[in-house]
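# Structural description and commentary
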Amino acid sequence: MKKEFRSLKLLHFPSKLNKTYFILGLVIFYLIIIFSPSRIIYFTSYFIATFFFYIATKNIQKSLLYSLILSLFSDFGLAKSIFMMQPEEFNLGPGWSISPMTVFIMTLLPLTLLRKIKTFQKADLFILLFFASSLISFYIFPYTNVLFGIISLGEVILSYFILRTLLTSDDYKNAAKILISLVIFQVILSGIQFLIQNPIGQVSEAIITNNPYGLTTREDPNLFRVSGTFAHPNFLASFILLSYPFLLLFPSSNIYLNIFKILSILILFFTYSRAAWI
């Protein structure tokens with residue numbers, strides 16, 4: 001009994017957070033995502049989540065930070081047709097798009113610049129050196145596709161520095177809960193895709209833009225590859241690998257999380273992604 005009590009304690013919400021609005025915001029966000037009739041409504045769902053996060057925290061900066069975390073793995077964006085990779089006849093898809101993450105980065109960047117960055121670490125130096133090498137590669141190979149890659153990489157690096165600067169220790173558990181909710185959502189959606197052996201046909205599934213019936217393995221066209229809301233099964237596999245450690249942060253005595261830990265591994269397998277296992 002004491003063990004169960006301790007496990008529940010680990011899952012507590014900070015006293016300053018209204019957990020009802022926090023959870024309600026996530027639930028409404030995922031319902032809009034799954035039933036969204038258009039891209040605009042899909043895009044708006046992130047700002048609806050921001051509104052509920054604000055009611056829950058009474059802090060605009062925290063609500064924007066939580067929304068940024070929610071948008072980190074989004075494969076959705078607007079104006080994709082403007083940023084198509086070349087040559088277009090190869091149908092390589094968009095190299096970049098205006099995503100919810102783009103909006104949250106631009107909103108939070110001024111707040112970040114007003115703050116002093118925490119202790120500079122070796123990892124920061126390696127990240128900046130890697131970005132500098134990317135800029136040099138663009139100078140040597142000034143192609144549109146390389147530019148799109150640099151912009152996308154720049155967004156990821158800015159997100160890293162924003163979260164590293166503005167997130168406090170009080171935010172870590174809430175950030176972990178948001179990431180876990182993303183895993184649970186992707187596992188449920190991918191599970192439905194596996195059962196029907198097809199995308200469910202919603203706007204949220206980025207893969208249906210170029211592959212309305214999803215993807216199968218090259219070796220066996222009968223092996224359907226689940227993709228969640230991502231544009232490719234490899235992206236879903238990468239997301240699960242990156243997010244799975246957050247499931248391990250919470251107690252193993254929680255039966256519901258244990259179920260999703262197992263299901264996450266199964267979904268990872270059904271992506272049939274070689275890249276994930278490497």
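To start, this report covers the structure provided alongside it. (Residues numbered from 1 in each chain as written. Predicted model: local features only at pLDDT ≥ 70, side-chain atom pairs only at ≥ 80, totals over all residues. Heavy atoms only, no water.)

### Observations regarding the packing of aromatic side chains
- A complete count under the given rule lists 18 aromatic pairs for this structure.
- Note on Phe-73 and Phe-239: the rings are 4.9 Å apart at their centroids and 70 degrees apart in plane angle, and the pair reads as edge-to-face. Of the two residues, Phe-73 sits in the loop between helix H4 (60-71) and helix H5 (100-113) while Phe-239 sits in helix H9 (residues 233-247), which places them 166 residues apart along the sequence.
- When its relative accessible area of 27% is taken as the criterion, Phe-73 is described as partly exposed.
- When its relative accessible area of 2% is taken as the criterion, Phe-239 is described as buried. (Phe/Tyr/Trp six-rings, centres within 6.5 Å; stacked < 30°, edge-to-face > 60°. Helix = DSSP H or I, 4+ residues; strand = E, 2+ residues; numbered from the N terminus. Buried < 20%, exposed > 50% of the residue type's maximum accessible area, 1.4 Å probe, protein only.)

### Section: the side chain of Ser-67
- Within the secondary structure, Ser-67 sits in helix H4.
- You can call Ser-67 buried: its relative accessible area is 0%.
- A polar contact of 2.6 Å, which involves the side chain of Ser-67, links it to the side chain of Thr-50.
- Separated by 2.9 Å, the side chain of Ser-67 and the backbone oxygen of Ser-63 make a polar contact.
- Every residue in contact with Ser-67, bar those within four places of it in the chain, is listed here: Tyr-46, Ala-49, Thr-50, Phe-53 and Phe-104. (Polar contact = N/O pair within 3.5 Å; in protein donor to acceptor, adjacent residues only side chain to side chain. Contact = heavy atoms within 4.5 Å.)

### Re the packing of helix H3 (residues 39-57) against H4
- Between H3 and H4, the least distance of the axes is 8 Å, while the angle of their chain directions is 140 degrees. Comparing their axes, H4 and H3 come out oblique. In this structure, H3 meets H4 at a crossing whose hand is right-handed. Contacts between H3 and H4 involve Tyr-46, Ala-49, Thr-50, Phe-53, Tyr-54 and Thr-57 on the former and, on the latter, Ile-60, Lys-62, Ser-63, Leu-64, Tyr-66, Ser-67, Leu-70 and Ser-71.
- Partitioning the contact of H3 with H4 into residue classes produces 8 nonpolar, 5 polar and 1 charged. (Axes fitted to C-alpha atoms, helices over the stretch in contact; angles between N-to-C directions. Parallel < 35°, antiparallel > 145°, perpendicular 65-115°, else oblique. Left-handed = near helix turned anticlockwise from the far one by under 90°. Nonpolar A, V, L, I, M, F, W, Y, C, P; charged D, E, K, R; others polar.)

### Let's talk about unusual backbone geometry
- At Gln-197, a position not held by glycine, the phi torsion is positive, near 55 degrees.
- With respect to the helices and strands, Gln-197 occurs in the loop between helix H8 (172-196) and strand S1 (215-216).
- Notably, Tyr-272 is not glycine yet its phi reads approximately 50 degrees, a positive angle.
- Inspection of the secondary structure assignment puts Tyr-272 in the loop between helix H10 (255-270) and helix H11 (274-277).

### As for the packing of H5 against helix H7 (residues 144-166)
- Where H5 contacts H7, the two axes come as close as 10 Å, and the packing angle between them is 45 degrees. As summarised for this structure, H5 and H7 are arranged oblique, according to the angle between their axes. For the crossing formed where H5 meets H7, the hand is left-handed. Taken together, the residues of H7 that come into contact with H5 (itself represented by Met-101, Thr-102, Ile-105, Leu-108, Leu-109, Leu-111 and Thr-112) are Glu-155, Leu-158, Ser-159, Phe-161, Ile-162, Thr-165 and Leu-166.
- Residue composition of the contact of H5 with H7, grouped by class: 9 nonpolar, 4 polar and 1 charged.

### A short note on the environment of Thr-271
- Within the secondary structure layout, Thr-271 lies in the loop between H10 and H11.
- With a relative accessible area of 0%, Thr-271 lands in the buried category.
- When sequence neighbours within four positions are dropped, the list of residues in contact with Thr-271 reads Arg-225, Val-226, Pro-233, Leu-236 and Ala-237.
- Looking at Thr-271, its side chain comes within polar contact range of the main-chain oxygen of Leu-268, at 2.6 Å.

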